[in-house]
Amino acid sequence: MYWPEAQRGMRMRKPLLGALVILGAACAAMAQDAPVAANNFDNTAAPFSETSAARVNFFSTSSDSSSSGFGLASPSATASIATPAAPATPASPTPKPRFVFGDRDDYRWQLGLGVEFFRFQSNIINASLVGLNTTLTYFTNDWFGLEGSLVTGFAPTIYTNEHVKYFGGSGGIRLGSRRARFEPWGHVLVGGAHLQPQTANNSKNALTVQAGLGLDYRVNSRLSLRAETDYVYSKFFNDQQNNFQGVAGIVFHF
């Protein structure tokens, strides 16, 4: 009578024992894993201060960002990257030579234009001529120059409807100071001249030699006033003439 009840009690204890066995196995497994987890917890990662993340600076400059490998680019760095390099400044052209020199930074060329009075006397013709005197001078330094000259002269009628006309050309040297407001100078020129009217048995052409002194007054760097007097030697009509001329004019410097 009691056997069936005993059997039912046994059947109820078996599942309970099985549950206890499973629970005990689970507890044993957790107990074995717990030390390993604890040990691995300390070694999972290095301290934060030793990691690269601790070195990140989101407000770093361009120089700092190169060392950290992160960091936000600074405005100057961004501009240097975004803005293309400016083209190299072209070399300035070589200045043109001014052809100036000396203490007063003067010009090498002089062009003189003047009115000339030439008193011509010979054994056949005597005349007072008025004309133009043109000179061109190139200075090689501040006191020495090479000069060329052209002169013309015209006089009233002589004889019967005959006008005296004089044309001359010569070349030579000029010496003078060019360092002050007043510039004294001297020159010597050799050339030839042509004289009209024609006279019987005489040539209209002759050798001339001119030597004189002058004074230039410098108005500005480009302009001077000139006064000049010259001795003029010539040989017309198989005779020698020793005459004088005076010039007043202006000089252009360039």
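In the block above lies the structure referred to throughout.
As the structure is a computational prediction, the values presented were derived from the model and not from experiment. Counting restarts for each chain: residues are numbered from 1 in the order of the written sequence. Where totals are concerned, whole chains, interfaces and linings use all residues; where local detail is concerned, this predicted model gives features only for residues with pLDDT of at least 70, and gives and counts side-chain atom pairs only at 80 or more. Hydrogens and waters are ignored; side-chain quantities use all the structure's heavy atoms.

### Observations concerning the packing of aromatic side chains
Step number 1: Put simply, two rings from Phe, Tyr or Trp (the six-membered ring, in Trp's case) pair if the centres are within 6.5 Å, and we call them stacked under 30 degrees between planes, edge-to-face over 60, tilted for the rest. Applying the stated criterion across every chain, the model contains 10 aromatic pairs.
Step number 2: Residues phenylalanine 118 and phenylalanine 120 carry aromatic rings whose centres are separated by 6.1 Å and whose planes lie at 65° to one another, so their mutual orientation is edge-to-face.
Step number 3: Burial classification: accessible surface area is computed with a 1.4 Å probe over protein chains only, and a residue below 20% of its type maximum counts as buried, one above 50% as exposed, and the rest as partly exposed. Overall, phenylalanine 118 belongs to the buried group, its relative accessible area being 1%.
Step number 4: Judged by its relative accessible area of 0%, phenylalanine 120 falls in the buried class.
Step number 5: Every member of this aromatic cluster is reached through a ring pair, and the members are Phe118, Phe120, Tyr166, Phe236 and Phe237.
Step number 6: Criterion for a charge above a ring: Arg CZ or Lys NZ at most 6 Å from the ring centre, at most 35 degrees from the ring normal. Seen from the ring of tryptophan 185, arginine 174 lies directly overhead, with NZ or CZ sitting 3.7 Å from the centre.
Step number 7: Taking NZ or CZ as reference, arginine 178 lies 4.0 Å from the ring centre of phenylalanine 139, over its face.

### Thoughts on the side chain of serine 224
Step number 1: Positionally, serine 224 belongs in strand β9 (residues 223-234).
Step number 2: Overall, serine 224 belongs to the buried group, its relative accessible area being 0%.
Step number 3: Among the polar contacts made by the side chain of serine 224, one reaches the side chain of histidine 253 at a distance of 2.7 Å.
Step number 4: In what follows, a contact means two residues having at least one pair of non-hydrogen atoms within 4.5 Å. Ignoring sequence-local partners within four residues, the contact set of serine 224 consists of Asp216, Tyr217, Arg218, Val219, Gly249, Ile250, Val251 and His253. Labels follow the DSSP assignment, with helices taken as runs of H or I lasting at least four residues and strands as runs of E lasting at least two, numbered in each case from the N terminus. Side-chain atoms alone can form a polar contact between residues adjacent in sequence; in general such a contact is a pair of N or O atoms within 3.5 Å, and within protein one must be able to donate a hydrogen while the other accepts it.

Everything listed here is a matter of geometry and, on its own, says nothing about what the molecule does.
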